[in-house]
Amino acid sequence: MTSTLIRRHLSPYPSSLSAPGAAISRARARDWAEIQERMMVPLYEAVYERLEVGAGTRLLGLGCGSGLALLMAVARGATVCGVDPDEERLGLAGERLLAGPGARPGGARPGVPGGVARLARLADGGLGSALTVTGAGAGTAARAWSGFTVVTAFDPLSAPGSGSALPERLASAAALAEPGSPVVLAGWGPPERCATSTVLRVGVRLADPTADPTFPQLPLGGAPSTARWQPCGRDDLEDLAQRAGLRLDGSGRVACPFGYADTDSAVRGLLSTGLFDAAERTTDATQVRKEITEALHPYRRQDGTVWMENVMRYLIART
């Protein structure tokens, strides 16, 4: 098994967590890994089960975050490659999939099947260039990455810089997969079935008081942008897949409740998504935390836990 993580440098798009400062970026990346990322486990499990991800699967994860989805694929026997624009999250993915903090590249992490683990940089040469391996073992690596059999993009519409360039990026990733391979896109289900949408609208309102919090729009045209929540329209995933030159091959919905031990954990988890960064720039961190806390009040249980029912939707397309 080979785990490869790729750090994307796609200037001028900043990491969604870079604005508050390095210390807060690190803390929020850790909150993402320890609090928020696990909320998507039902989605990952449903997709992997449907696609029968396992031994022989070569999976490319776009927006891999801190690597939980990749780790789940590895546990099923897959070979994985992760790509993410956030350096802090990617470092945590390395701790999970590679040899842990401070270890030299190529070390094997206990519990992860053997092979060579590498960190590569994705710069102007593109994803294909980043997966070109030279030096000792290059022949073996080239055969291993001759074609992915599964590509996942579990949250493409909320990625920093989402817009008209997104189909081209998705098409570039799909081009690295074998013909007929599945490409999975995922997003929010209907807003009326996603309790968390009421909280995420707080970030939209604070970031731009003139915006319609019911139907916020991300800037198009490839201009620099900060991630901002937007509802996923009925055909948004299908439109994205078709614009990327992919053919549709099915879809599904998965219940993904967001459950937190207490309100503080809920606030930290939601802030770790990066979807409130623009609001913090426009107002201040204290105000944002206060309004998130107020928005969470209807979902706080008597024992102090917070529970929000959500439905996520995924689309399977083919190269």
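What counts and what doesn't
- Residues numbered from 1 in each chain as written.
- Predicted model: local features only at pLDDT ≥ 70, side-chain atom pairs only at ≥ 80, totals over all residues.
- Heavy atoms only, no water.
- Phe/Tyr/Trp six-rings, centres within 6.5 Å; stacked < 30°, edge-to-face > 60°.
- Helix = DSSP H or I, 4+ residues; strand = E, 2+ residues; numbered from the N terminus.
- Buried < 20%, exposed > 50% of the residue type's maximum accessible area, 1.4 Å probe, protein only.
- Lys NZ or Arg CZ within 6 Å of the ring centre and 35° of its normal.
- pLDDT = per-residue confidence, 0-100.
- Contact = heavy atoms within 4.5 Å.
- Axes fitted to C-alpha atoms, helices over the stretch in contact; angles between N-to-C directions.
- Parallel < 35°, antiparallel > 145°, perpendicular 65-115°, else oblique.
- Left-handed = near helix turned anticlockwise from the far one by under 90°.
- Nonpolar A, V, L, I, M, F, W, Y, C, P; charged D, E, K, R; others polar.
- Polar contact = N/O pair within 3.5 Å; in protein donor to acceptor, adjacent residues only side chain to side chain.
- Arc of directions from axis to C-beta.
- Core = buried A, V, L, I, M, F, W, Y, C linked by side-chain atoms within 4.5 Å.

*Asks:* Whenever I open this one, the packing of aromatic side chains confuses me. Can you help?
*Replies:* The geometry of an aromatic ring pair is captured by the separation of the ring centres together with the interplanar angle, meaning the angle of the planes. As enumerated under the stated definition, the model contains three aromatic pairs in all. On the numbers, 4.7 Å between centres and 50° between planes, the contact of Tyr44 with Phe154 is tilted. Within this pair, whereas Tyr44 is found in helix α2 (residues 41–51), its partner Phe154 is found in the loop between β5 (150–153) and α7 (166–174), the two being separated by 110 residues in sequence. Neither residue differs from the other here; Tyr44 and Phe154 are each classed as buried. Ring pairs connect the aromatic residues Tyr44, Tyr48 and Phe154, which therefore count as one cluster. Stacked on the ring of Trp32, the Lys or Arg Arg89 has its end atom at 4.0 Å from the ring centre.

*Asks:* Even after reading the chapter, I still don't get the confidence of the model for the protein chain, so can you show me in this structure?
*Replies:* Detailed reading of the predicted model is not advised wherever pLDDT is low. Chain-level statistics for the protein chain give a pLDDT mean of 79 and a share of 70% at 70 or above. Scored below 50 in pLDDT, residues 215–225 shows 26 contacts in the model against residues more than four places distant or in partner chains.

*Asks:* Would you mind showing me how to read the packing of helix α1 (residues 22–36) against helix α4 (residues 87–97) here?
*Replies:* Each pair of packed helices can be described by the angle between their axes along with the distance between the axes. Where α1 contacts α4, the two axes come as close as 8 Å, and the packing angle between them is 50°. Here α4 runs oblique to α1, going by the angle between their axes. Remark: the crossing between α1 and α4 carries right-handed chirality. Counting all contacts with α1, which are made through Ser25, Arg26, Ala29, Arg30, Trp32 and Ala33, the residues of α4 involved are Glu88, Arg89, Leu92, Glu95 and Arg96. In the contact of α1 with α4, the residues fall into four nonpolar, one polar and six charged.

*Asks:* Honestly, the environment of Ser66 in this entry has me stumped. Any pointers?
*Replies:* Tracing the sequence through the fold places Ser66 in the loop between β2 (58–62) and α3 (68–75). Along the backbone, Ser66 and Arg30 are 36 residues apart, and their C-alpha atoms lie at a distance of 8.5 Å. Non-local contacts of Ser66, meaning those with residues more than four positions away in its chain, are made with Trp32, Ala33, Glu37, Arg89, Leu92, Ala93 and Arg96. Only 2.3 Å separates the side chain of Ser66 from the side chain of Glu37, close enough to count as a polar contact.

*Asks:* It is not clear to me how the environment of Leu70 should be interpreted in this structure. Could you clarify?
*Replies:* Structurally, the position occupied by Leu70 is in helix α3. Among the residues examined, Leu70 registers a relative accessible area of 2% and is labelled buried.

*Asks:* I'm lost on helix α9 (residues 236–243) in this one. Help?
*Replies:* Three or four residues apart is the spacing at which side chains of an α-helix point the same way, because the helix has 3.6 residues per turn. Regarding α9, the residues found buried are Leu237, Glu238, Leu240 and Ala241. On an axial view of α9, the arc spanned by its buried residues comes to 160°, and they lie on one face. Backbone geometry just after α9 places Gly245 at a positive phi near 80°.

*Asks:* When you look at the nonpolar core in this model, what are you seeing that I'm missing?
*Replies:* Note on soluble globular proteins: their nonpolar side chains tend to be buried together. Counting 80 residues, the largest nonpolar core has Tyr48 and Phe276 as its most contacted members. With near-sequence residues (within four places) excluded, Tyr48 lies in contact with Val53, Leu59, Ala69, Leu70, Met72, Ala73, Arg76 and Phe154.

*Asks:* Before we go on, may I ask you to explain unusual backbone geometry in this structure?
*Replies:* Most of the time, phi is negative for any residue but glycine, and the peptide bond is trans. The backbone of Glu52 sits at a positive phi, close to 55°, despite the residue not being glycine. On the secondary structure map, Glu52 appears in the loop between α2 and β2.

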